[in-house]
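Chain residues, written in single-letter form:
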Amino acid sequence: MTAVDVSSVPSPNTQADAPQKLRKQGKRRFGADAAAIVIALIVAFPLFWMVLSALKPKTALDAGDAAPYTLEPSLDSFGRVLGVNNFGQYFLNSVIVALVVVVLSTVLAFLAAVALTRYNFKMRTKLLIIILVSQMVPVEALTIPLFFLLRNAGEAIPLVGLNQLGSLVLVHVGFSIPFAIWMLRGFVAAVPLEVEEAARLDGASSFRFVRSILFPLVAPGVVACSVFSFISTWNDFLFAKTFIISAQENQTLPMALLTFFKPDQNDWGAIMAGSVIMTIPVLIFFVSVQRKLVSGLAGAVKG
């Protein structure tokens, strides 16, 4: 007779507990899904109210209509926003500043992350600490010193002085690089040294290794950094208000919303419509890099 391994046969208690465990797992999953839906609704409600207010007629908003719907949607608010003088120029300025900041900050941060990870040199640890400390300083505390710094710098280099788009680019690049360096440093460090050694044996130079091998491997991290740089630059109001004083042709899109803030009564319909218009490029940029962004954030957590 063939011997039967009794230990491999599930006991009646184990079989009876299986449905109970499945029910507990189902309850936990249902609770997690319900919590996620509630959080998503809370986050999406301001966006819904913004779009709803932009589509409501001006008379309904002036009357204080708080109904969560509108039976007579109107595009008059969008017409008032698009009718602002130099609105197209404001939009173009925001696009130029955001794209230049994204390109410069990601390229410089990537090269700095490579240098801080792959090469040993004096003061490397202290430099990393300085980069980390620079992120702890509040932006508001640096606004006034930056104002005088850019005013003096404009006398020598007009392109980065006050009332110039270069001043916005310079400031945002300076604030974006420290965060991007710390994020990309984990991605670069995750690439094994054996990959670089194999490339060297195949005759690849350091520049070719960084350009053709290392950069594609850390591309998700680069995309994640570019999203944060784009959003922070696109939504900037403080620096645009501080550094662009009198040059109307160099104003950015957030400054166009100031047109509808009036001492007697604010045009909330136009303000909401302008906010919707400002949100559309961010959504387009986010959707276009969504897959890379998710993998980049996952890699950053692992690193």
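These numbers were taken from a predicted model, which means no experiment stands behind them.

Reading guide: rules and limits
- Residues numbered from 1 in each chain as written.
- Predicted model: local features only at pLDDT ≥ 70, side-chain atom pairs only at ≥ 80, totals over all residues.
- Heavy atoms only, no water.
- Helix = DSSP H or I, 4+ residues; strand = E, 2+ residues; numbered from the N terminus.
- Buried < 20%, exposed > 50% of the residue type's maximum accessible area, 1.4 Å probe, protein only.
- Contact = heavy atoms within 4.5 Å.
- Areas by Shrake-Rupley, 256 points an atom, 1.4 Å probe, with all protein chains shown as cover.
- Axes fitted to C-alpha atoms, helices over the stretch in contact; angles between N-to-C directions.
- Parallel < 35°, antiparallel > 145°, perpendicular 65-115°, else oblique.
- Nonpolar A, V, L, I, M, F, W, Y, C, P; charged D, E, K, R; others polar.
- Core = buried A, V, L, I, M, F, W, Y, C linked by side-chain atoms within 4.5 Å.
- Expected span 1.5 Å × (residues − 1).
- Bend = angle between axes of the 7 residues up to and from the residue.
- Phe/Tyr/Trp six-rings, centres within 6.5 Å; stacked < 30°, edge-to-face > 60°.
- Polar contact = N/O pair within 3.5 Å; in protein donor to acceptor, adjacent residues only side chain to side chain.
- Left-handed = near helix turned anticlockwise from the far one by under 90°.
- pLDDT = per-residue confidence, 0-100.
- Salt bridge = Lys/Arg side-chain N within 4 Å of Asp/Glu carboxyl O.

Colleague: Could you clarify how one ought to interpret the overall build of the protein chain in this entry?
Modeller: In terms of helices and strands, the protein chain carries 14 helices and 0 strands. Scanning the protein chain from its N terminus toward the C terminus, one meets helices and strands in the order α-α-α-α-α-α-α-α-α-α-α-α-α-α. The buried share of the protein chain, reckoned over its 303 residues, is 36%. In the protein chain, once contacts between residues fewer than 6 apart in sequence are set aside, the share between residues at least 24 apart is 71%. Accessible surface for the protein chain amounts to roughly 18,700 Å². Of this, 68% is attributable to carbon and sulfur atoms.

Colleague: How should the packing of helix α9 (residues 206–217) against helix α10 (residues 219–234) be read in this particular structure?
Modeller: Relative orientation and spacing of two packed helices are given, respectively, by the angle between their axes and the distance between those axes. As a packed pair, α9 and α10 sit with axes 4 Å apart at the nearest point and diverge in direction by 65 degrees. Of the possible angle classes, the one that applies to α9 and α10 is roughly perpendicular. Contacts between α9 and α10 involve Phe 215, Pro 216 and Leu 217 from the first element and Ala 219, Pro 220 and Val 222 from the second. The class makeup of the residues in the contact of α9 with α10 is 6 nonpolar, no polar and no charged.

Colleague: Where do I start with the nonpolar core in this structure?
Modeller: Considering soluble globular proteins, one finds that nonpolar side chains tend to be buried as a cluster. The biggest cluster of nonpolar side chains holds 37 residues, and the ones touching the most others in it are Phe 110, Leu 168, Leu 184, Leu 214, Val 218 and Phe 243. Of all the secondary structure elements, the ones that give two or more residues to this core are α4 (87–118), α5 (124–134), α6 (139–156), α7 (165–190), α9, α10 and α11 (238–243). Here this core takes 12 residues from α7, the largest share from any one element. Ranked by size, the runner-up nonpolar core spans 27 residues in total, among them Met 50, Ala 54, Leu 253 and Val 289.

Colleague: Where do I start with α7 in this structure?
Modeller: Given 3.6 residues per helical turn, the α-helix brings residues three or four places apart onto the same face. Helix length check: α7 (26 residues) gives 37 Å between terminal C-alpha atoms against 38 Å at 1.5 Å per residue, within 8%. Maximum bend of α7: about 30 degrees, positioned at Ile 177, with proline Pro 178 one to four residues after it.

Colleague: What should I look at first to understand the packing of aromatic side chains in this one?
Modeller: The relation between two aromatic rings is expressed through the spacing of the ring centres and the mutual angle of the planes. Using the criterion set out here, one finds 11 aromatic pairs in the structure. Pairing Phe 179 with Phe 228 gives two aromatic rings, centres 5.3 Å apart and planes at 75 degrees, and the pair type is edge-to-face. Residue Phe 179 is found in helix α7, and its partner Phe 228 is found in helix α10; the two are separated by 49 residues along the sequence. Here Phe 179 falls in the partly exposed class, since its relative accessible area comes to 34%.

Colleague: How should the side chain of Ser 77 be read in this particular structure?
Modeller: Note that Ser 77 resides in helix α3 (residues 76–82). Here Ser 77 falls in the buried class, since its relative accessible area comes to 2%. Here the side chain of Ser 77 touches Arg 80 through a polar contact of 3.2 Å, side chain to side chain. Contact partners of Ser 77, with chain neighbours within four places excluded, come to Ala 54, Lys 56, Gly 269, Ala 270 and Ala 273.

Colleague: Help me out: how do you make sense of the packing of α4 against α7 in this one?
Modeller: Remark: α4 packs on α7, axes separated minimally by 6 Å, with the N-to-C direction vectors making an angle of 40 degrees. Crossing angle aside, the handedness with which α4 passes α7 is right-handed. Considering only residue class, the contact of α4 with α7 consists of 21 nonpolar, 6 polar and 2 charged.

Colleague: How should α10 be read in this particular structure?
Modeller: Between its first and last C-alpha, α10 extends 22 Å over 16 residues, near the 22 Å set by a 1.5 Å rise per residue. Among the 16 residues of α10, 13 are classified as buried, and the element is accordingly described as predominantly covered.

Colleague: Help me understand the confidence of the model for the protein chain, please; the structure alone is not making it clear to me.
Modeller: For any part of a model where pLDDT is low, the fine detail of the predicted coordinates should not be relied upon. In this model, the protein chain carries a mean pLDDT of 83, and residues with pLDDT of at least 70 account for 89%. Scored below 50 in pLDDT, residues 299–303 shows 3 contacts in the model against residues more than four places distant or in partner chains.

Colleague: For this particular structure, what's the right way to read the environment of Arg 185?
Modeller: Its place among the elements puts Arg 185 in helix α7. Spatially, the C-alpha atoms of Arg 185 and Ala 115 are 9.3 Å apart, while their sequence positions differ by 70 residues. For Arg 185, the contacting residues outside a window of four places in its chain are Ala 113, Thr 117 and Leu 128.

Colleague: Would you mind going over the pattern of salt bridges with me for this structure?
Modeller: When charged atoms on two side chains of opposite charge get close, those side chains can pair. For the structure on display, the rule yields 3 salt bridges. The closest approach of N and O atoms between Asp 267 and Arg 80, which form a salt bridge, is 2.9 Å. Within this pair, whereas Asp 267 is found in the loop between α12 (253–256) and α13 (268–288), its partner Arg 80 is found in helix α3, the two being separated by 187 residues in sequence. Classification of Arg 80 as partly exposed rests on a relative accessible area of 26%. We note a salt bridge from Glu 196 to Arg 200, for which the minimum N-O separation is 3.0 Å. Of this pair, Glu 196 and Arg 200 both sit in helix α8 (residues 193–201), 4 residues apart, which is roughly one turn of the helix.

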